[in-house]
Structure formats: structure tokens, C-alpha cells
Amino acid sequence: MNLPRTDYHIHTHYLGCANSTMTIPEIIQECQSFGVTSLAITDHLNTPEQIPLHLKIRQELEQLEAEIEIFFGVELNFTRCDGDFVFSQEIKDKIGFQFAIGGIHTTYLEQYDLKKLVEIQHRHHLKTCLHPLVDVLVHPYWFGKGEFDRNNWPWFDSMKAIPISYIRELGQVARETGTAIEINSSANLSNFRFSHQYVEEYLEFLAILNEEKVCFSLCSDAHSREKLKTVQTSWQVAEKLGLPSERIWKPPVKSFVKKDQVRN
Ligand SMILES: [Zn+2]
Ligand SMILES: [Zn+2]
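Since the model is a prediction, treat every value here as computed from it, not as a measurement.

Draft legend 1. Region of the structure containing the coordination of the zinc ion (ligand 2). Those protein atoms acting as donors to the zinc ion (ligand 2) are H9 (NE2), H11 (NE2), E75 (OE) and D221 (OD), and they sit at 2.0 to 2.2 Å. Geometry at the zinc ion (ligand 2) is irregular, judged from the four donor atoms that bind it and their angles of 78 to 163° at the metal. Of note, the donors binding the zinc ion (ligand 2) are all from one chain and are spaced H-x1-H-x63-E-x145-D. Here the zinc ion (ligand 2) and the zinc ion (ligand 1) are spaced 3.5 Å apart, and both take E75 as a donor. A residue pair is termed long-range when its members are at least 10 positions apart, and E75 in strand β3 (residues 69–77) and D221 in the loop between β7 (216–219) and α9 (231–240) qualify at 146 residues. Taking the relative accessible area as the measure of exposure, E75 reaches 1% and is therefore buried. Taking relative accessible area as the criterion, D221 reaches 7% and is therefore assigned buried.

Draft legend 2. Seen up close, the coordination of the zinc ion (ligand 1). Each protein donor to the zinc ion (ligand 1) is listed here as E75 (OE), H105 (NE2) and H139 (NE2); together their distances run 2.0 to 2.2 Å. In primary-sequence terms, the residues that donate to the zinc ion (ligand 1) follow E-x29-H-x33-H.

Conventions used here
Residues numbered from 1 in each chain as written. Chains lettered and ligands numbered in written order. Predicted model: local features only at pLDDT ≥ 70, side-chain atom pairs only at ≥ 80, totals over all residues. Heavy atoms only, no water. Donors = N, O, S within 2.8 Å, 3.2 Å for Na, K, Ca; no water. Tetrahedral: all angles 85-135°; square planar, octahedral: opposite > 155°, others 65-115°. Helix = DSSP H or I, 4+ residues; strand = E, 2+ residues; numbered from the N terminus. Buried < 20%, exposed > 50% of the residue type's maximum accessible area, 1.4 Å probe, protein only.

Written out as C-alpha cells, the structure is:
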């Protein structure tokens, strides 16, 4: 199989959520060492105060020399339950983001209720797909374990809680809106917080989305250098699912750092 070796979800040290090993030159060097041919920097944009940090990333990318394709994206999060993203066409143009990925990052529950938890996730997944400026839905059914531990809630460790009708609906809406869905290694597939059973069930979830003919974005979501390699798990899953290369998402623009320009 010759599927694209891409990683379109990577964090840097700039926003402070990734550690100091995640400088842009180190990310590129590490990715090249195991065969990534195209990558994107996609740091968080959760509040307007973070906008100047993205300008710094952009400035660094503009100075860059690299032999692989590099894109400049952004990861969006909801401001509250049923809220919006901190994003607009104006912000996109002003900062020069080439694309946006986004999704829900918390349960928005006050009391544990599994049915409600799944319903809130599903609702936000659909809302993300329907957003005209979002290209990729991030890590569906990833949760931060800290939120569960703090509240003494049973951990989310089975994808069986999700009705098949939700999965089919997500697939249909993603396909119709042209939104890709992530096959995210460090959040979902090789996250030590999740059991072997969750991962097995996650593969079944992806297989149903594949039946609905959605596009998938392969990514590590790395916040530290050693996690970059986990993207290989996403590549393996894409092969196992038998994805045709035309359903593996690529940013709909030219690389920010041009290969041939750099080689001169
Ligand atoms: Zn995220
Ligand atoms: Zn992320």
C-alpha cells in the first residue's frame, strides 16, 4: 500500500500546551526521520488572547527551510456547551491560517449521565461538521481522564455506549459537508488511558464511518516529541480499513513552505 504519510495535527511549544521539545525545527526533523512527507502545525485557539502566538508561529514558518510539505492550521474548541468557536473568516485571513480543525474537548456535564454525555458529544460533532470554516473534526470520543477522576465518575472506556445511528449520522453529515474525521493516534488509538477493548471498539467505529465514505485525516496530535511517531498507528489503521488514498484528507491549499523554493 502507498497511502500518504501525513500528519495534520501537531502542537508546538508556542501555546504552552506542548512541551519544550516541540520547536518547529525539531518537529520537522523528527517527522522526517520516520517518513512523514507532509505535516501541519495546528495549535489551539481557545481565546482571542492566543491570536498573537499564532502570528509568531506563522512568522517562524515563513522563515523556514524544509524538504517536506508544511501547512499552517489551527485547532478550535467550543467556548461553552452549544457555544461557538473563537474563529471567523476575518481571523482566518488576518493570521493566514490555511485550514481549521476543531471539536469538543470536555463533557459539559455537571452530573454523570452516560446517555447525556454521548448525546452532547454527538451534537457537537455534528455542529463542528456543519461549521463552514472547519475542515476536520478532531478526535471524536476522546476525553480527558482528569475530568472523570476529579468528579469520581466511571471512566469512559467503551465505544459501545454510542448508538450505531449516531455513528451513521456523523458519517453522513461529515460526507455531505466535506468534513474529514480524524484517525488520531495519541488521543484515541495509542492513548494509555484507554483500554485495549476501547481501541478495538474504536476501530469498529472507524469502520462504520468508512462505510459511510467519509474522508479521514491521519494525525498524531503530538504535544511532545516522542508522540510524533505514534502517527504510524494512524497510517496502519488507514491501511487496515482499506482506505483509498482519495479519502485521506489533505489541506485544500498549497504547502506553506514550498519544497522547490527551499531546494534552490
Ligand atoms: Zn484537541
Ligand atoms: Zn490537538
